[in-house]
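As a plain string of letters, each chain reads:
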Amino acid sequence: MGLTLAEYHRLTPLPRPGGVLYVKPGARGYRDPVYEALQAAVAPFGQRALDLNPGVGLASLPLEGRMEVDRLETSRAAFRCLQSSGLKARLAPPWEAEENAYDLVVLALPAGRGTAYVEATLVSAARALRMGGRVYLAGDKNKGFERYFKEARALLGYGLVLKREGPVRVALLEKEREAPPLPSLWHPFQARLLGETFTFFHLPGVFSAGKVDKASVLLLEALVGEVGREGIRGRRILDLGAGYGALTLPLARLGGEVTALEDDLVSVLSLERSLKENRLAARVLHSDVDEALAEGGVGWGSRPAQDQAPGLTEEEAFDIIVTNPPFHVGGAVILDVAQAFVEAAAARLKPGGGFFLVANPFLKYEPLLEERFGAFRTLLVREYKVLFAEKARRG
Ligand SMILES: C[S@@+](CC[C@H](N)C(=O)[O-])C[C@H]1O[C@@H](n2cnc3c(N)ncnc32)[C@H](O)[C@@H]1O
């Protein structure tokens, strides 16, 4: 058996010079060779440093106490670790960095987030640096390092690769020219879902940019097939890992009272704008799995980190829970999160409530559903499968 929900939410302290570094499942930047190589390479330069993809904070740790270090982080899970470790950090996308303000930028390339996000991050790094400022840039040669290094050199000027360890590369660059303006960040697109047209707006780096994922479309079809359009009106619905709202918007349009939980800030911002542009309402919480619900569930979860597992209050139980969980196979982080989604669904459903999960056919969620709910049904199998489980009624 994997992690319980309490174990998923627990912070683990690791010793570090002068304190502890907290890590947790679902938080990036730990046991990652790119971050480790960067940590081994960075050295202080000037007064102010900026870590633009800190994760749990490993890469810029050697600068702590030797320079002023700012960190911009978008993941709620990673941000909770940074705060608990006492490392200065702000929940913000990279393009919100102060301009011409830093002597040094530390950047583990966010390669998993797609080209548009990496490019916006590189331009943000160039804009954040003062003239003559430096960047430590690290990445994996199988995940586009060479191309991004070239782009970074074109933006900044001078640069050389300091270190090659297996596929991992660390480069040092220096800003020799004025940075260009930021590329336009918002991308609108239209999609028809459950017979209605929606205009989504998203920032770079979100899941399924520019087109709603087929898996999400299939989940909506299977859900309506099971409960009917009228079975959504007035129901309390939880969307776990909501992205820019491919599930939230159509369910809100059908009259569902949707709570959307999402770990990634740029997805949260995209979802909020998409709701507004389509004149729809839902409760959007920036949340590592169901953490924000445990915090009381109002606003953006800005309360201090807790290392306690969340408790369930009556008002935080749902009639329907939907999810298209993060699915990249091979990343232990991601599988921990997907499993925590199932655990959270089992914990947060009302008795008699239904859980709808869409996944790649080769991902084996069935044993976990059987264990957590006692039974499940497969509603549909095409390119993806939609699984359904009901929470037992009391008595
Ligand atoms: C496969 S996408 C689905 C997005 C959206 N529901 C859709 O159908 O397009 C999974 C989403 O889960 C989010 N996610 C990943 N880890 C998370 C976590 N720990 N807590 C909440 N959301 C998370 C990702 O940022 C991503 O937006």
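Criteria and thresholds
Residues numbered from 1 in each chain as written. Predicted model: local features only at pLDDT ≥ 70, side-chain atom pairs only at ≥ 80, totals over all residues. Heavy atoms only, no water. Near = heavy atom within 4 Å. Polar contact = N/O pair within 3.5 Å; in protein donor to acceptor, adjacent residues only side chain to side chain. Areas by Shrake-Rupley, 256 points an atom, 1.4 Å probe, with all protein chains shown as cover. Nonpolar A, V, L, I, M, F, W, Y, C, P; charged D, E, K, R; others polar. Domains from an automatic or database assignment. pLDDT = per-residue confidence, 0-100. Helix = DSSP H or I, 4+ residues; strand = E, 2+ residues; numbered from the N terminus. Contact = heavy atoms within 4.5 Å. Axes fitted to C-alpha atoms, helices over the stretch in contact; angles between N-to-C directions. Left-handed = near helix turned anticlockwise from the far one by under 90°. Pairing = 2+ DSSP bridges.

The chain has the name 16S rRNA methyltransferase in an unreviewed UniProt entry, where Thermus scotoductus is given as its organism.

This next bit is on the site of the ligand. As a structural note, the neighbourhood of the ligand is formed by 19 residues, with S216, G241, E262, D288 and V289 the closest of them. Between the ligand and A242 there is a distance of 3.5 Å, counted from a nitrogen atom to a backbone nitrogen or oxygen. The separation between a nitrogen atom of the ligand and a polar main-chain atom of V289 is 2.7 Å. Calculation on the ligand without its partners gives an accessible area of 600 Å², and the protein chains cover 92% of this total. Along the lines of polarity and charge, the residues of the shell around the ligand split into ten nonpolar, five polar and four charged.

It is worth spelling out the domain arrangement of the chain at this point. Segmenting the chain into domains produces domain 1 (32-174) and domain 2 (187-390). Look at where the C-alpha atoms of domain 1 and domain 2 centre, and you get two points 31 Å apart.

Take the confidence of the model for the chain next. Per-residue pLDDT for the chain has a mean of 93; in total, 92% of the residues score no lower than 70. When mean pLDDT is taken per element in the chain, strand 6 (residues 102-108) scores highest with 99 and helix 10 (residues 332-348) scores lowest with 86. Note on residues 297-312: pLDDT is under 50 here. Beyond four places in sequence and across chains, it has 40 contacts.

Where helix 4 (residues 115-128) meets helix 5 (residues 145-156), the closest approach of the two axes is 10 Å, and the angle between their N-to-C directions is 30 degrees. When the axes of helix 4 and helix 5 are compared, the crossing they make is right-handed. Residue-level inspection shows T115, V118, E119, L122, V123 and A126 of helix 4 in contact with helix 5, the latter providing R147, Y148, E151, A152, L155 and L156. Counted by class, the contact of helix 4 with helix 5 contains eight nonpolar, one polar and three charged residues.

Strand order in the open sheet formed by seven strands is 5-4-3-6-7-9-8, with mixed pairing between adjacent strands. Sheet topology places strand 5 (90-91) and strand 8 (157-165) at the edges, where each strand pairs with a single neighbour. The pairing of strand 6 with strand 7 (residues 129-140) spans six bridges and is parallel. Bridge assignment links V106 to a residue of strand 7, and that residue is Y136. Those strands touched by helix 5 are strand 7, strand 8 and strand 9 (168-175), and its axis lies near 155 degrees from that of strand 8.

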